[in-house]
Amino acid sequence: MSDTPEPTILARTARGANWMIAWRLANRVLGLVSMLVLLRVLAPEDFGLITLAFSFSQALETFTAVGVEAQIIRSRNAGRDLYDTGFTFNALRATLLAALVVASSGPVAAWFGEPRLRTLLLAIALHVFLKGIGSIRTVAFQRDLAFHKVFLLQMVPRLVQIVANILFALLLRTYWAIVIGTLAWSVTSLVLGYAMAPHRPRLTFAAWRELLGVSVWTWLINLATVLRDRVEMALIGRSFGTVQAGLFSIALELAALPVTELVSPISQVAMPGFAAGIREHGMGQAGMAFLRVTALAFLLAVPMGAGTSLVSGSFVALAIGERWAEAAPLMAVMALLLVPTAPGLIAGALLTARARLRMLCAITAVAAVLRAGLAVAVTRHFGLMGIALGMGLLMAAENAALVLPACRTGQVPLGRVLGTLWRPLGAALAMIAALQAAGLAWAPFPASALAAAAPLAVPGL
């Protein structure tokens, strides 16, 4: 009998977070190479077209999601019937979703006045179907906190996708390179999933009661999420065209880098970690893990969000070129306003692990209504900057609102959570003061990439 103590849930979650952060960093480095090639080869219009097509399909995916994987992770006894029922739900959903994308391709193309969207959506329909029929047994990797396997399952298809993106971008020089890369990802992910987690699925509804109990609330949350997350892009594409849609989407992606690349993978690991803690030890250990993980989220997001905002102009000039200059002020605003999404992601992970779905649904629904109303009000009169400001402020408010019920659920005083904020906030303020003194804080967009590089390399120039 081994005397080595079993690792705590927090330690296992930390190891999983290391794997997922490694995945995100590797993915970002590889993706950056791909993006730099694509941004140099393709035009903003191409990115706007792709953004509109994938925004629509992703909205349908979110709308039809029923929370199968999350319930398998939460379940105390995940047996064969639960996995098979989960696969059946996913397969039916994928078939329905692909059919909806195909049926909607013509009306969507007409709505945006862009005929090319119809063919794009037909290709994307195949992608969403392949995503939905993968091995359901891969969920066990997250349930068991075996995130080294999740790393491999995500990394290999991503490598295939990036190679395909770059190769076909250089060959075709059209937006179809991105679509081909996406289909290459789908096929690779499907094959690798069954190779790593063999499963011969049966079409059955044997465990439907366990899944249906959470599916309705998950569906309502996803319905609100679709409206919340897609309304701005739909209005931008309709009102301003594909070029402005491309600018806004790239600004949002770059502004969100600190959250998406560091905090998001931590929250992805935190949810099954919290669920495992609740199953094995009750809420006490899960609550302490929530406090520590939230502190880490603050530590990463606050200074990095501020830094991203401060040097947005130079970053855009260096990374993607002068023709994307209009994205820089949008990026500067959104990078600061997206910081509260970091603790909000961790809070959402705890509420999901505890199945507080009604509460999540209420918060998401209120945010959806407010963002939809604000987007309609500001689009015509205030343009992209008005949309960015309104969206950022409401996202900050929504995620801050998640922290309080998470504290109650985890039995952690709000004051202890806020007490972890002062160090990263102090670091961010010091950085702002230093860059302001060096003349680098929110500087005008540089005349060239060389002009952007010189001050960053030698402060004060």
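Quick note: structure is the one above.
Residues numbered from 1 in each chain as written. Predicted model: local features only at pLDDT ≥ 70, side-chain atom pairs only at ≥ 80, totals over all residues. Heavy atoms only, no water.

**Some thoughts on the packing of aromatic side chains**
All told, the structure shown has 3 aromatic pairs when counted by the stated rule. Ring geometry for F89 against F205: centres 5.8 Å apart, planes inclined by 55°, an arrangement best described as tilted. Of this pair, F89 sits in helix 4 (residues 80-112) while F205 is found in the loop between helix 8 (176-196) and helix 9 (208-240), placing the two residues 116 residues apart along the sequence. F89 gets classed as buried once you look at its relative accessible area, which sits at 16%. A ring pair is formed by Y175 and W176, whose centres lie 5.9 Å apart and whose planes are at 35°; its orientation type is tilted. The exposure class assigned to Y175 is buried, which follows from its relative accessible area of 9%. The positively charged end of R137 is found above the aromatic ring belonging to Y83, 4.0 Å away from the centroid. (Phe/Tyr/Trp six-rings, centres within 6.5 Å; stacked < 30°, edge-to-face > 60°. Helix = DSSP H or I, 4+ residues; strand = E, 2+ residues; numbered from the N terminus. Buried < 20%, exposed > 50% of the residue type's maximum accessible area, 1.4 Å probe, protein only. Lys NZ or Arg CZ within 6 Å of the ring centre and 35° of its normal.)

**Brief notes about the packing of helix 11 (residues 257-281) against helix 15 (residues 341-353)**
Closest axis-to-axis distance for the helix 11/helix 15 pair is 8 Å, and the angle between their directions is 25°. The angle between the axes of helix 11 and helix 15 places the two elements in the roughly parallel class. Helix 11 and helix 15 meet at a crossing whose hand is right-handed. Where helix 11 approaches helix 15, its residues V259, V263, S264, I266, S267, A270, M271, F274, A275 and I278 are matched on the opposing element by T341, A342, L345, I346, A349, L350, T352 and A353. Its residues placed into classes, the contact of helix 11 with helix 15 shows 14 nonpolar, 4 polar and no charged. (Axes fitted to C-alpha atoms, helices over the stretch in contact; angles between N-to-C directions. Parallel < 35°, antiparallel > 145°, perpendicular 65-115°, else oblique. Left-handed = near helix turned anticlockwise from the far one by under 90°. Contact = heavy atoms within 4.5 Å. Nonpolar A, V, L, I, M, F, W, Y, C, P; charged D, E, K, R; others polar.)

**Things to note about the packing of helix 12 (residues 283-310) against helix 15**
Remark: helix 12 packs on helix 15, axes separated minimally by 8 Å, with the N-to-C direction vectors making an angle of 160°. In terms of their interaxial angle, helix 12 and helix 15 are classed as roughly antiparallel. For the element pair helix 12 and helix 15, the recorded crossing hand is right-handed. Along its contact with helix 12, which presents M283, F290, V293, T294, A297, F298 and A301, the element helix 15 presents A342, P343, I346, A347 and L350. For the contact of helix 12 with helix 15, the class distribution of residues is 11 nonpolar, 1 polar and no charged.

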